Amino acid sequence: MTMPASSRDWKIGLVGYGEVGRILAEDLRAQGVAVAAYDLKLASTEAPPLRAHAAQHGVALAGSPAQLAAGADFIICAVTASQTLAAAQACAAAVRAGAFYLDFNSASPATKQQAAALIDGAGARYVEGAVMTSVPPYRIRVPLLLGGRHAAVLAEDIEQLGFAAKVASERIGVASATKMCRSVMIKGLEAMVIESFTAARHYGVEDAVLASLAETFPGIDWEKQGAYFFQRVIEHGRRRSEEMFESARTVRDAGLPPAIAQGAAERQAWIADLAQDGVFGERGTPGFARSADWRVEADRLLAHLKRGNA
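Scope of this entry: the structure provided in the associated data block. (Residues numbered from 1 in each chain as written. Predicted model: local features only at pLDDT ≥ 70, side-chain atom pairs only at ≥ 80, totals over all residues. Heavy atoms only, no water.)

## Some words on the nonpolar core
Consideration 1: Ile12, Phe74, Phe104 and Phe163 are the most contacted members of the largest nonpolar core, which totals 36 residues.
Consideration 2: If you tally residues by element for this core, the top one is helix H1 (residues 19-29), at five residues.
Consideration 3: If we skip the residues at most four places from it in the chain, Ile12 touches Leu28, Val33, Ala34, Val35, Ala36, Phe74, Ile76 and Leu161. (Core = buried A, V, L, I, M, F, W, Y, C linked by side-chain atoms within 4.5 Å. Buried < 20%, exposed > 50% of the residue type's maximum accessible area, 1.4 Å probe, protein only. Helix = DSSP H or I, 4+ residues; strand = E, 2+ residues; numbered from the N terminus. Contact = heavy atoms within 4.5 Å.)

## Some points on the sheet that holds strand S1 (residues 11-15)
Consideration 1: The eight strands are arranged S3-S2-S1-S4-S5-S6-S7-S8 in an open sheet whose pairing can be described as mixed. Strand pairing shows two members of the sheet lacking a second neighbour, strand S3 (60-61) and strand S8 (164-169), which therefore form its edges.
Consideration 2: Bridge count for strand S6 (residues 125-131) against strand S7 (residues 143-147) is four bridges, and the pairing is antiparallel. Paired with Val131 across the bridge in S7 is Leu144. (Pairing = 2+ DSSP bridges.)

## Structural notes on the pairing of strand S2 (residues 34-38)
Consideration 1: Both S1 and S2 contribute to a ladder of five bridges, which runs parallel. Bridge pairing links Leu14 to Ala37 in S2.
Consideration 2: Following the backbone out of S1, through H1 and into the adjacent parallel S2, one traces a crossover that is right-handed.
Consideration 3: The pairing of S2 with S3 spans two bridges and is parallel. The residue of S3 that forms the bridge with Ala36 is Ala60. (Right-handed = clockwise from strand over helix to strand, strands pointing away.)

## Observations concerning the side chain of Gln268
Consideration 1: Structurally, Gln268 can be placed in helix H11 (residues 259-276).
Consideration 2: For Gln268, a relative accessible area of 1% gives the class buried.
Consideration 3: Residue contacts for Gln268: discarding those within four places in its chain leaves Lys187, Glu190, Ala191, Val233, Gly237, Arg240 and Ser241.

## Focus on the packing of H11 against helix H12 (residues 294-309)
Consideration 1: Interaxial distance between H11 and H12 falls to 12 Å at its minimum, and their mutual angle equals 85 degrees. In terms of their interaxial angle, H11 and H12 are classed as roughly perpendicular. For the pair formed by H11 and H12, the contact residues are Trp270, Ile271 and Leu274 on the first element and Leu301, His304 and Leu305 on the second.
Consideration 2: Within the contact of H11 with H12, the residues separate by chemical class into five nonpolar, one polar and no charged. (Axes fitted to C-alpha atoms, helices over the stretch in contact; angles between N-to-C directions. Parallel < 35°, antiparallel > 145°, perpendicular 65-115°, else oblique. Nonpolar A, V, L, I, M, F, W, Y, C, P; charged D, E, K, R; others polar.)

## Describing the environment of Phe163
Consideration 1: Positionally, Phe163 belongs in the loop between helix H7 (151-159) and S8.
Consideration 2: Accessibility expressed as a relative area gives 3% for Phe163, which makes it buried.
Consideration 3: It is 23 Å that separates the C-alpha atoms of Phe163 and Gln56, two residues lying 107 residues apart in sequence.
Consideration 4: Not counting residues within four places of it along the chain, the set of residues in contact with Phe163 comprises Leu24, Leu28, Ile76, Phe104, Ile140, Arg141, Leu144 and Ile158.

## Observations regarding H12
Consideration 1: For H12, which comprises 16 residues, the first-to-last C-alpha distance of 23 Å matches the rise-based estimate of 22 Å (1.5 Å per residue) to within 8%.
Consideration 2: Where H12 is concerned, the buried positions are Trp294, Arg295, Glu297, Ala298 and Leu301. Considered in projection along H12, the buried side chains sweep an arc of 160 degrees and stay on one side of the axis. Away from its buried face, by an angle of more than 90 degrees, H12 presents the exposed residues Lys306 and Arg307.
Consideration 3: Tucked inside the fold, the buried residues of H12 contact helix H8 (174-203), helix H9 (206-216), helix H10 (222-253) and H11.
Consideration 4: Sitting at the head of H12, Asp293 places a side-chain oxygen 3.0 Å from the backbone nitrogen of Arg295. (Expected span 1.5 Å × (residues − 1). Arc of directions from axis to C-beta. Polar contact = N/O pair within 3.5 Å; in protein donor to acceptor, adjacent residues only side chain to side chain.)

See the structure below:
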């Protein structure tokens, strides 16, 4: 396959049309770049808002990952961690020879290596990507680590599209190890804050706990940070839990028992289950996971637990 000389002339395929996929679609379409997308939710009751977004921004929707891959010069895979290998396998069945495949997913080094074997084995060019912070504030400029033997070429090509990519290594696994070890801290802290703040709220000692934290870590606004952590976990707990199970695998593969990563994964999954059950309100409504006061969500959680123990 002959790739267009300029990346602005590439046909870009997004596997995964969730929060990250839609942000990338908006920023790429704003530059006039051709974008197509596929998401499992297009075949579910959650399809209407995705189709509306695609229509608004001129994004073509594919019927399957293979259909999308067959027409793309550059594939960006941004699905939940548990779907990393399934997405790579589906795309490998039809990916164009020489096409780039950027794996945005929060998966372990071992998982990324397996995905790379599938894509490279099909004649395309696999590049692992590690998104190093939350996407919404940065959008397409989110700090991104790349890995693999095709990483340097892709980094140069996508710079003109607005990506802020840096090559971590020519070896697959280095970028994802960096991401996964960071996630033990970040997602682990989210889980700890929810557990600590909710328990403190139950005992009526939240003000004393927050005051002590502010004294020990004066650079952090714990009220604001607490609200943000509750918001993100309630809204994206499923995706975060899958990422943390991959972080646990990363720690385990290093020979360490993943006590912290595993516990954080289970806490995030638990919150995701409660959010799905409506404990924090109706998903999709304007107020869902948007409370500026973490106490609102902690009280909902405590009320649910009280009902369960009654």
